[in-house]
Amino acid sequence: MLAVEDLVDEVVRDYGSAAYWETRYAKSTEAFDFYVPWAAVAPVVASCLPTTTTMEVLIPGIGTSEAGIALSEAGHNVVAMDSSPTVVAAQRRAHAGRPRLRYALGDYRKVDAKAGSFDVVVDKAVLDTVLCAPENLQAVADCVDEAYRVLGDRGVFVVVSHGKPETRLAYFRRHAWRVEVRRLPKPPLDGDEAGDYFVYVCQKQKKSTTT
């Protein structure tokens with residue numbers, strides 16, 4: 001018989017499986033944002049975006065988050081990508097009247113886009129779920145590689161994570177990023193302070209050509 005901690009570990013491991021998310025969304029496609037509501041993250045992302053320019057934004061692992069809706073309403077062109085056919089189909093139906101918001105079926109590790117296609121990539125809890133997958137270190141490296149590839153010069157990769165800097169910064173060192181770490185307070189539990197989530201704002205830098 002499995003102990004409670006074994007059951008928890010089993011569920012967490014499932015977070016890294018595309019099949020888990022397809023099954024989850026087959027049961028419900030109600031709006032949901034992991035960690036904190038999008039409104040709590042929006043000011044951090046907005047601070048990375050020029051207020052007078054339309055930006056090209058990629059959101060991998062969108063699920064049923066309201067991030068794509070909010071960013072498209074702010075005037076940006078958004079590709080909201082997910083690996084679940086069920087959630088992509090449901091979101092396309094629900095938001096068909098939003099010309100700046102496009103839902104796409106895709107794999108974070110191999111984005112169907114040319115290099116330099118986006119100004120901003122927003123990852124809200126997705127790298128955390130990838131870390132739950134088998135071969136997780138390679139999978140995270142592949143995701144970070146793709147974010148770097150699809151961003152244009154000075155593009156910004158925004159990662160919202162529960163992981164502290166000592167457990168996350170190493171994943172960004174494989175590329176030329178300038179990384180700023182910001183904090184988001186977790187909602188208090190039963191009136192107690194619950195700590196922080198972390199927002200890694202990674203700006204793409206030109207790689208040095210010197211040896």
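In case you missed it, the structure is sitting above this.
Residues numbered from 1 in each chain as written. Predicted model: local features only at pLDDT ≥ 70, side-chain atom pairs only at ≥ 80, totals over all residues. Heavy atoms only, no water.

**Q** Would you take a moment to explain the environment of Asp 196 for this structure?
**A** As for its position among the elements, Asp 196 is in strand β7 (residues 196-204). In this structure the C-alpha to C-alpha distance between Asp 196 and Pro 185, which are 11 residues apart in sequence, comes to 4.3 Å. Among all residues touching Asp 196, those that are not within four sequence positions of it are Arg 183, Leu 184, Pro 185 and Lys 186. Looking at Asp 196, its side chain comes within polar contact range of the side chain of Arg 183, at 3.0 Å. (Helix = DSSP H or I, 4+ residues; strand = E, 2+ residues; numbered from the N terminus. Contact = heavy atoms within 4.5 Å. Polar contact = N/O pair within 3.5 Å; in protein donor to acceptor, adjacent residues only side chain to side chain.)

**Q** Quick question: what am I supposed to make of the side chain of Arg 168 here?
**A** Within the secondary structure, Arg 168 sits in helix α8 (residues 165-168). With relative accessibility at 11%, the residue Arg 168 sits in the buried group. At 3.2 Å, the side chain of Arg 168 forms a polar contact with the side chain of Thr 167. Not counting the four nearest positions on each side in its chain, Arg 168 is found in contact with Asp 128, Leu 131, Ser 161, His 162, Gly 163 and Tyr 200. (Buried < 20%, exposed > 50% of the residue type's maximum accessible area, 1.4 Å probe, protein only.)

**Q** How should I be thinking about the sheet that holds strand β6 (residues 177-185) in this particular structure?
**A** Two pairing modes exist for strands in a sheet, parallel and antiparallel, and in both the strands are linked by backbone hydrogen bonds. Strand order in the open sheet formed by seven strands is β3-β2-β1-β4-β5-β7-β6, and the pairing between neighbours is mixed. The sheet is open, and its two edges are formed by β3 (101-105) and β6, each paired on a single side. Strand-to-strand twist across the sheet, computed as the mean angle between neighbouring axes with direction ignored, equals 20°. Of the strands in this sheet, β4 (118-124), β5 (151-161), β6 and β7 touch helix α3 (residues 38-46), which is tilted by about 145° from β4. Against the sheet, helix α7 (residues 136-150) engages β1 (56-59), β4, β5, β6 and β7, with an angle of about 145° to β5. (Pairing = 2+ DSSP bridges. Axes fitted to C-alpha atoms, helices over the stretch in contact; angles between N-to-C directions.)

**Q** Is there a simple way to explain helix α5 (residues 85-94) in this structure?
**A** Residues spaced three or four apart along an α-helix face the same direction, because each turn holds 3.6 residues. Inspection of α5 places Val 87, Val 88, Ala 90 and Gln 91 among the buried residues, and these make up the whole buried set. Buried residues of α5, viewed axially, fall in a sector of 165°; they line one side. Elements in contact with the buried residues of α5: α2 (18-27), β2 (77-82) and β3. (Arc of directions from axis to C-beta.)

**Q** Which parts of the structure should I look at to understand the packing of aromatic side chains?
**A** Describing an aromatic ring pair means giving the distance of the ring centres and the angle of the ring planes. Applying the stated rule across the entire model yields nine aromatic pairs. With a centroid separation of 6.2 Å and an interplanar angle of 85°, the aromatic rings of Phe 157 and Phe 172 are classed as edge-to-face. Separated by 15 residues along the polypeptide, Phe 157 in strand β5 and Phe 172 in the loop between α8 and β6 bring together distant segments of the chain. Neither Phe 157 nor Phe 172 differs from the other in exposure class; each is buried. Among the aromatic residues, ring-to-ring pairing joins Tyr 20, Trp 21, Tyr 25, Phe 32 and Phe 34 into one connected group. Geometry around Tyr 197 places Lys 186 over its ring, the cationic atom sitting 5.1 Å from the centre. One residue, Lys 204, lies across the ring of Tyr 148, its end atom 4.4 Å from the ring centre. (Phe/Tyr/Trp six-rings, centres within 6.5 Å; stacked < 30°, edge-to-face > 60°. Lys NZ or Arg CZ within 6 Å of the ring centre and 35° of its normal.)

**Q** What is the right way to read the nonpolar core from this model?
**A** Taken as a class, soluble globular proteins show a tendency for nonpolar side chains to be buried jointly. If you look at the biggest cluster of nonpolar residues, it comprises 31 residues, and the most contacted ones within it are Val 45, Val 57, Ile 59, Leu 71 and Val 122. Once residues within four sequence positions are removed from consideration, Val 57 is found in contact with Leu 71, His 76, Asn 77, Val 78, Val 79, Phe 118, Val 120 and Val 122. Counting 28 residues, the second largest nonpolar core, distinct from the first, contains Leu 58, Val 121, Ala 139 and Phe 198. (Core = buried A, V, L, I, M, F, W, Y, C linked by side-chain atoms within 4.5 Å.)

**Q** Is there a simple way to explain the pattern of salt bridges in this structure?
**A** Side chains bearing opposite charge may pair, as long as their charged atoms lie close to each other. If you walk through the whole model with that rule in mind, you get eight salt bridges. A salt bridge links Asp 145 to Arg 174; its shortest N-O distance comes to 2.7 Å. Note that Asp 145 is positioned in helix α7 and Arg 174 in the loop between α8 and β6, a separation of 29 residues in sequence. (Salt bridge = Lys/Arg side-chain N within 4 Å of Asp/Glu carboxyl O.)

**Q** Explain the pairing of β7 to me, please; I cannot follow it from the model alone.
**A** When a strand is regular, its side chains alternate between the sheet's two faces. Summarising burial for β7: eight of the nine residues are buried, a large majority. Here six bridges tie β5 to β7, and the two strands are oriented antiparallel to one another. Residue Val 158 lies in a different strand from β7, and its bridge partner there is Val 201. Sheet topology places β6 next to β7; nine bridges connect them, and they run antiparallel. Paired with Val 179 across the bridge in β7 is Cys 202.

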